[in-house]
Structures are given as structure tokens and as C-alpha cells.
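# Survey of secondary and tertiary structure
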Amino acid sequence: MVRAYKHEHIYRHPWDRVTTASWRKFTDPDTPAVLSHVLDVHTLSRRLDAASGCLHTVRSITVRSPSLPFFLRRIIGGEAVVCHCIETSVVDPRARSMEIVAVNASLRGLIEVEERSSYQPHPENPEGWTLLRQDTSIRCKPFKALAAVAEKVEQRCVERFQQNSVKGREFVERICKYLEAESSAAAAGATAS
Amino acid sequence: MGFVKSSPASQCADLRTAYHDCFNRWFSERFSKGKCDKEECVAEWEKYRGCLAENLKEKHLRNILLEAEESYFPNKGHDGSRSCFNHQ
């Protein structure tokens, strides 16, 4: 099931200032206070295409993952606390366009999030305003998630079952020895009588 | 497992800051205004990237980093004379 939503925002600032600010969003000294879910940001690649003059960048953005139901957290383990996102962007300074696509790289077995952002001069005031368009889609993968959960539960059951089997065998051994001792005592008693 | 205790951030923090400062200045003063006529921030980028290559542990992120590194060398068919990242 996919949920998609769009959002538009007008910055009453010129395009070069808004895109500069966008680059600083995750790396500003105040970022940890304002965007507390962001844990880490790294640039993984950057390339300026000589022919087009476009800047291509890939960044990783590590965020605190959203709260998961407790049973999923226990099954998935500690990795769920941290979620890595990959942000790919292209900036074309001649056309004054900045396009960004961010997807989650972690937890993709459970959920796929894609956010597309586009910064362009606002058509009504291209020199003074910037239009941000954002399209977000979120897709949960219930069947795959259930399968993963089922597999983990099954694994735990197998382990528990095997442990119980060992205990069961040992207990039967103990009972056998008890019965053997009881039988010997009875036989000794019968012989004596 | 909680927070990443020994993240690349701690080892490479200073190099990253140096690169970001340079990048932000270049982007704001030159690139976003359509001016791009000389190399910028190459030394900072390479130091920072080198640190990441040694310290970044997450496999998926390492793959992106190392694949980009292989394709990045400017002598591989790029038109160096017009590139802002000209190493010549």
C-alpha cells in the first residue's frame, strides 16, 4: 500500500540563497538542536559535470528511526534505532534548478520512503522567490514484514523446541533409572520373601 | 544497540567541517550564482573522503563511497579545461 502526498512552499528569497540554505540544513551548528532526529551526515560522492555544468552529489543522512512496535523492535534488534537515508541531488545553476531524491537505505524490508524535492525560481517572482515542491511516497510492505517476523518467530521456536527436547530426553533417562531401581528393589524383595 | 558510538563522524568531524565550510562558501558565492571558473575545495574533499574510506563501516554506504571514488578521477575522459574540479 502506498501513501503519497505533495507539498509546496514559497520561500521569499532568491534561488541561490535558498539552495545554499538547503545545503546547510543538516550541517549547521544548530542542526542537532533543531533537527534532533538527524544523527549524522556524510558526503559520499560529488561530481561536477563539465559539459552540463551540473553538480551531482550523493550524501548519507543517518536519522533516529521512528518508534516501532515493541515486538518488532525486539525481533529486528538494535539496528532499528538508526536508519540510513541516501540523498542524491543535481544542481543546475544555469537553469536554476536543484533536484533532490532521498530514500531510506535501512529498514527497506519493512518500509520504502521516497521524497523528491525541487527548488526553482518562483514563476511569479523568479528573481526574488523560490518555489519548493515536495513529493513524498511511503510504502509499507506488510507481507514481507510478516514473513520476516514469521521467520524470526519460527527460528526462536525451533531453538526453544530443541532445548526442550534435550530436557525431555534427559528427564526420560532419569525416570528410566528410577524405574530400574524400583524394579530391582521389588525383585530383590520378591526373591527374599 | 542504541547510538552509534564510534561513528565516522567522530574520526572525520574536523575534516568534514573544513570541507563543508569550503563547499558552502563556494556554493553560495560562486556556483549558485552561475560562476564556476576554477577548482574549489579539492584538497578538503580528498582529505575528508580519505578519512571516510578508512572509517565508514556501513557496507551499503561504503559501496557508494568507493564506487564514486573509482569513477571520479578527473583524467578519465573529463573535459578538464571546463571543469570546476580540474586537478591540472
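Within an unreviewed UniProt entry, the label attached to chain B reads Mitochondrial distribution and morphology protein 35, and the organism entered is Dendrobium catenatum.

If you look chain A up in an unreviewed UniProt entry, it shows as PRELI/MSF1 domain-containing protein from Dendrobium catenatum.

## Concerning helix α2 (residues 42–55) of chain B
In this model α2 of chain B runs 20 Å from its N-terminal to its C-terminal C-alpha over 14 residues, within 8% of the 20 Å that 1.5 Å per residue would give. When we look at burial in α2 of chain B, the residues that qualify are V42, W45, Y48, R49, C51, L52 and N55 of chain B.

## Description of the confidence of the model for chain A
On average, residues of chain A score 81 in pLDDT, and 82% of them reach the 70 mark or higher. Of all secondary-structure elements in chain A, the lowest mean pLDDT belongs to helix α3 (residues 70–76) of chain A, at 63, while strand β5 (residues 97–104) of chain A reaches the highest, 93.

## Topic: the state of the cysteines
All names here are of chain B. As enumerated under the stated definition, the model contains two disulfides over all chains in all. What pairs with C12 in a disulfide is C51, and their sulfur atoms sit 2.1 Å apart. Negative torsions about the S-S bond denote left-handed disulfides, and the value of about -90° found for C12 with C51 makes this one left-handed. Placement of the pair is C12 in helix α1 (residues 8–29) and C51 in helix α2, with a sequence separation of 39 residues. C22 shares a disulfide with C41; S-S distance 2.1 Å.

## Brief notes about the environment of T43 of chain A
Tracing the sequence through the fold places T43 of chain A in strand β2 (residues 38–48). The exposure class assigned to T43 of chain A is buried, which follows from its relative accessible area of 3%. For T43 of chain A and T57 of chain A, which are 14 residues apart along the polypeptide, the C-alpha to C-alpha distance reads 7.4 Å. Those residues in contact with T43 of chain A that lie beyond four places of it in its chain are T57, V58 and R59 of chain A together with Y19, H20, W45, Y48 and L52 of chain B.

## Digging into the pairing of strand β7 (residues 125–140) of chain A
Residues and elements named next belong to chain A. Summarising the sheet, strand β1 (residues 2–11) and β7 pair through ten bridges and their orientation is antiparallel. Each bridged residue has a counterpart across the sheet, and for Y11 the counterpart in β7 is T130. Relative to β7, strand β6 (residues 111–122) runs antiparallel, the two sharing twelve bridges. Paired with H122 across the bridge in β7 is N125. Between β6 and β7, which pair antiparallel one after the other, the connecting turn spans two residues.

## Digging into the sheet that holds strand β4 (residues 82–92) of chain A
Within a sheet, adjacent strands bond to each other through the backbone by hydrogen bonds, running parallel or antiparallel. Residue and element names in this part refer to chain A. Taken together, seven strands build an open sheet; the order of strands is β1-β7-β6-β5-β4-β3-β2 and the sheet is antiparallel. Taken across any chain shown, the strands that pair with only one partner, and hence form the sheet edges, are β1 and β2. Averaged over all pairs of adjacent strands, the angle between strand axes in this sheet comes to 15°, irrespective of strand direction. As paired strands, β5 and β6 are joined by six bridges and run antiparallel to one another. Paired with V101 across the two strands is R116, which belongs to β6.

Conventions adopted
Residues numbered from 1 in each chain as written. Chains lettered and ligands numbered in written order. Predicted model: local features only at pLDDT ≥ 70, side-chain atom pairs only at ≥ 80, totals over all residues. Heavy atoms only, no water. Helix = DSSP H or I, 4+ residues; strand = E, 2+ residues; numbered from the N terminus. Expected span 1.5 Å × (residues − 1). Buried < 20%, exposed > 50% of the residue type's maximum accessible area, 1.4 Å probe, protein only. pLDDT = per-residue confidence, 0-100. Disulfide = S-S within 2.5 Å. Contact = heavy atoms within 4.5 Å. Pairing = 2+ DSSP bridges. Axes fitted to C-alpha atoms, helices over the stretch in contact; angles between N-to-C directions.

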